[in-house]
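# Examination of the molecular architecture
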Amino acid sequence: MSTAALNPTVATTNRDNLIGSIWMVAAMGLFAIEDASIKVASTHAPIGQVLMLFGLGGAVLFALVAAKRGDRLMGPALQSSSMRYRMLFEFAGRLFYSMAVVLTPLSATTVILQATPLVVVACAAMLFRERVGIRRWSAVFVGLAGVIVVVGPGRDSFSVLSLLAVLGMLGFAGRDLASRAAPPTVTTAVLGLYGFISVLMAGCLLAIWKGEPFSSPEFLLLLPLVVAVCVGVAAYACLMKAMRTGDVSAVTPFRYSRLLFGIGLGIFWFQESPSTPMVAGSALIVVSGLIILGGRRDIESSKPSTISQ
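Notes on the structure in this doc start here. (Residues numbered from 1 in each chain as written. Predicted model: local features only at pLDDT ≥ 70, side-chain atom pairs only at ≥ 80, totals over all residues. Heavy atoms only, no water.)

Time to look at the packing of helix α2 (residues 47-69) against helix α9 (residues 219-243). At a minimum axis distance of 9 Å, the contact between α2 and α9 shows a crossing angle of 50 degrees. Taken together, the axes of α2 and α9 lie oblique to each other. Two packed elements cross with a definite hand, and for α2 against α9 that hand is right-handed. Mapping the contact onto sequence places Q49, V50, L53, F54, G57, G58, L61 and F62 in α2 and L221, L225, A228, V229, V233, Y236 and A237 in α9. (Axes fitted to C-alpha atoms, helices over the stretch in contact; angles between N-to-C directions. Helix = DSSP H or I, 4+ residues; strand = E, 2+ residues; numbered from the N terminus. Parallel < 35°, antiparallel > 145°, perpendicular 65-115°, else oblique. Left-handed = near helix turned anticlockwise from the far one by under 90°. Contact = heavy atoms within 4.5 Å.)

In structure tokens form, the structure reads like this:
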């Protein structure tokens, strides 16, 4: 990926970073509910069908919002390199992470996903020219160590399925970076529309690959899907506002709030029991988040903002 394709001009204030952080926390809570709802829906239908219906529902809602606002659904801006990269990363992230949510414990999958800020912060320094101090680089390595502890390569309890969450995390990190670089004329509603179209495509591919038959949706499937779509659309909008308001490396640490939401839902909704390695890995990831927050002053943006809100 060329840095020219992902090099927006951005300058933000402390107030922008605060508002962006609030949007991020809201997005993380809603995303955790979305994950739980998809996990419930997958007990009543194949995951490919669940993703197809989820993607279709979200795309329809965002299309309605975009049409009401008079947003352009086609045009040169939507054919830019950053938008193509964004859709590709969205596709990969949704495909692998959704499989991880269904096939592995929700709490463990949520913990692995928290490595996303580490990847985003590191890449933001290289692609967006944000100055990342020694504290944040240290945080990247501490957090990655936490992910390794959670995944547990070499342990008897290691499952290759855990790598699905890692692949999903990398896809979402790329999605967030490309969202930051998206042309300013592309609105949040249009970003959401194309994001959910990627989910729909991922579901179709998964259903074809697994040869899953498409069954008529029943109430027990539709109810959690409706919740997932509504909550997912709201979460998606909050995430896009967060990534396009504050500095990337300032707002992304607040993704760690998803740990509380995801682990809590895993324990109280799905009766999961966090393992010792998962708790230890979570602690390392949280420490890395605190290091990043402590080093916020190490980062300054060097160009004026051209990103619309």
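Right, let's talk about the pattern of salt bridges for a bit. Applying the stated criterion across every chain yields a total of 4 salt bridges. With a closest N to O distance of 2.6 Å, R94 and E34 form a salt bridge. Taken together, the residues span a long stretch of sequence, with R94 in helix α3 (residues 81-103) and E34 in helix α1 (residues 14-41) at a distance of 60 residues. A relative accessible area of 4% places R94 in the buried class. On the accessibility criterion, E34 (1% relative accessible area) is buried. (Salt bridge = Lys/Arg side-chain N within 4 Å of Asp/Glu carboxyl O. Buried < 20%, exposed > 50% of the residue type's maximum accessible area, 1.4 Å probe, protein only.)

The next thing to look at is the packing of aromatic side chains. Applying the stated criterion across every chain yields a total of 4 aromatic pairs. Ring centres of F54 and F196 lie 5.2 Å apart, and the angle between their planes is 65 degrees; this geometry places the pair in the edge-to-face category. Of this pair, F54 sits in helix α2 while F196 sits in helix α8 (residues 188-210), placing them 142 residues apart in sequence. Note on F196: relative accessible area 0%, which makes it buried. Measuring from centroid to centroid gives 5.6 Å for Y97 and F172, while their planes differ by 65 degrees, and the two rings are edge-to-face. Of this pair, Y97 sits in helix α3 while F172 is found in helix α7 (residues 162-181), placing the two residues 75 residues apart along the sequence. Using a relative accessible area of 5% as the deciding quantity, one classes F172 as buried. Taken together, the ring pairs in this structure connect F54, F62 and F196 into an aromatic cluster. (Phe/Tyr/Trp six-rings, centres within 6.5 Å; stacked < 30°, edge-to-face > 60°.)

Another aspect to go through is empty space enclosed by the protein. With the rule as written, the count across this model stands at 2 cavities of 30 Å³ or more. What the second largest cavity holds in volume is close to 70 Å³. Lining the second largest cavity, in full, are F31, E34, D35, R94, Y97, F172, R175, R255 and R258. Of all the secondary structure elements, the ones that give two or more residues to the lining of the second largest cavity are α1, α3 and α7. Of the residues belonging to the lining of the second largest cavity, the class tally is 3 nonpolar, no polar and 6 charged. (1 Å grid on protein atoms, 1.4 Å probe; cavity = no way out; pocket = protein on both sides within 12 Å on 5 of 7 lines; lining within 4 Å. Points joined across faces, edges and corners; volume = space filled by probe spheres on them. Nonpolar A, V, L, I, M, F, W, Y, C, P; charged D, E, K, R; others polar.)

Everything listed here is a matter of coordinates, which is why it stays silent on function.
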